[in-house]
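Read off the chains here:
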Amino acid sequence: MSAIEAFLREVDAAWRQPGPRIPLRIIGSTALMLQTAYYRGTKDSDVLETDEVTDAVAERLLLIAGQDTDIHKRRAMYLDIVRRGVPFRRQSPVYHRLEELSASLHHFDVEVMSVVDVVVGKLARFNANDQRDIDAMIGQGLVDHDQLVQVFLEALDFKMDLAWDDFTSFLRNLNRVERDMFGVGESEIEEPEWLR
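Conventions adopted
- Residues numbered from 1 in each chain as written.
- Predicted model: local features only at pLDDT ≥ 70, side-chain atom pairs only at ≥ 80, totals over all residues.
- Heavy atoms only, no water.
- 1 Å grid on protein atoms, 1.4 Å probe; cavity = no way out; pocket = protein on both sides within 12 Å on 5 of 7 lines; lining within 4 Å.
- Points joined across faces, edges and corners; volume = space filled by probe spheres on them.
- Helix = DSSP H or I, 4+ residues; strand = E, 2+ residues; numbered from the N terminus.
- Nonpolar A, V, L, I, M, F, W, Y, C, P; charged D, E, K, R; others polar.
- Salt bridge = Lys/Arg side-chain N within 4 Å of Asp/Glu carboxyl O.
- Buried < 20%, exposed > 50% of the residue type's maximum accessible area, 1.4 Å probe, protein only.
- Contact = heavy atoms within 4.5 Å.
- Pairing = 2+ DSSP bridges.
- Axes fitted to C-alpha atoms, helices over the stretch in contact; angles between N-to-C directions.

Novice: Report on the layout of surface pockets, specifying residues and quantitative values.
Specialist: Size it by volume and the largest pocket reaches roughly 630 Å³. Taken together, 28 residues line the largest pocket, and the ones lying closest to its centre are G28, D46, K122, R125 and D130. Sorting the residues of the lining of the largest pocket by element identifies α2 (28–35), β2 (44–48), β3 (78–82), α6 (115–125) and α7 (128–139) as the ones contributing at least two each. Looking at the lining of the largest pocket residue by residue, the class counts come to nine nonpolar, eight polar and 11 charged.

Next comes the structure, spelled out in structure tokens:
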């Protein structure tokens, strides 16, 4: 059992509220580590806010396993709730249900964002850990270049509140991944019409 799975099982055990199972949609590096052979240290486990993660559910999750809770201190990991409008992503990213992990829980169904959707999201911040994550996914053959560009374009179409500086930064990061990690030519992508 991985450290992340043990953390999620402890959150499940601490929930202690009756009701239907709640889908937890996990994004970021945690999603990568839960569905691949990749691992690196991380301090948080981002859960994307969905219709099922209401304000009340989010508040209770943070009380149980947010920053500075007992679970955080024991596991060196905490939950962070990410609002749907925040991540750079396409309108309908793909999620995969983790059948074995979900079956071991009583209150939650765990879904992880697809590798390519996580990688596209990481093109926004693109810090050293993001670059390491992207390089590892490409190195394991889990990201197809053409699919990456397509999902990037879909994310541009969906994220209509992007500023010009954000667009140029995200494109520069995509081009660096293409050049330095894929070893292919850089995609030439025009700014969206709504930025003109």
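Novice: Residue-level account of the pattern of salt bridges, with values.
Specialist: Taken as a whole and assessed by the stated rule, the structure comprises 17 salt bridges. Two residues, E111 and R25, come together in a salt bridge whose shortest N-O distance is 2.8 Å. With E111 in strand β5 (residues 108–113) and R25 in strand β1 (residues 22–26), this residue pair connects regions lying 86 residues apart in the sequence. Here D130 ties to K122 by a salt bridge, and the two come within 2.9 Å at their closest N and O atoms. We classify D130 as buried; its relative accessible area is 1%. One network of salt bridges, with partners in common, ties together R40, K122, R125, D130 and D133.

Novice: Which residues make up the environment of F170, and what values go with them?
Specialist: Relative to the assigned elements, F170 resides in helix α9 (residues 164–182). For the pair F170 and E190, spaced 20 residues apart in sequence, the C-alpha to C-alpha distance is 12 Å. Not counting residues within four places of it along the chain, the set of residues in contact with F170 comprises F88, L123, A124, F152 and L162.

Novice: Just give me the short version of the environment of D135, but keep the residues and values in it.
Specialist: Along the chain, the position of D135 falls in helix α7. Considered as a pair, D135 and D46 are 89 residues apart in the sequence and their alpha carbons are 20 Å apart.

Novice: Give me the lowdown on the sheet that holds β5, citing residues and values where you can.
Specialist: Taken in spatial order, the five strands make up an open sheet running β3-β2-β1-β5-β4, and their pairing is mixed. Of all the strands in the sheet, just β3 and β4 (95–97) have a single pairing partner and so form its edges. Neighbour-to-neighbour, the strand axes of this sheet turn through a mean angle of 40°, independent of strand direction. In the sheet, β1 pairs with β2 via two bridges, with the strands oriented antiparallel. Residue I26 lies in a different strand from β2, and its bridge partner there is V47. Helix α1 (residues 3–15) rests against β1, β2, β3 and β5 of the sheet, and its axis sits at about 145° to β5.

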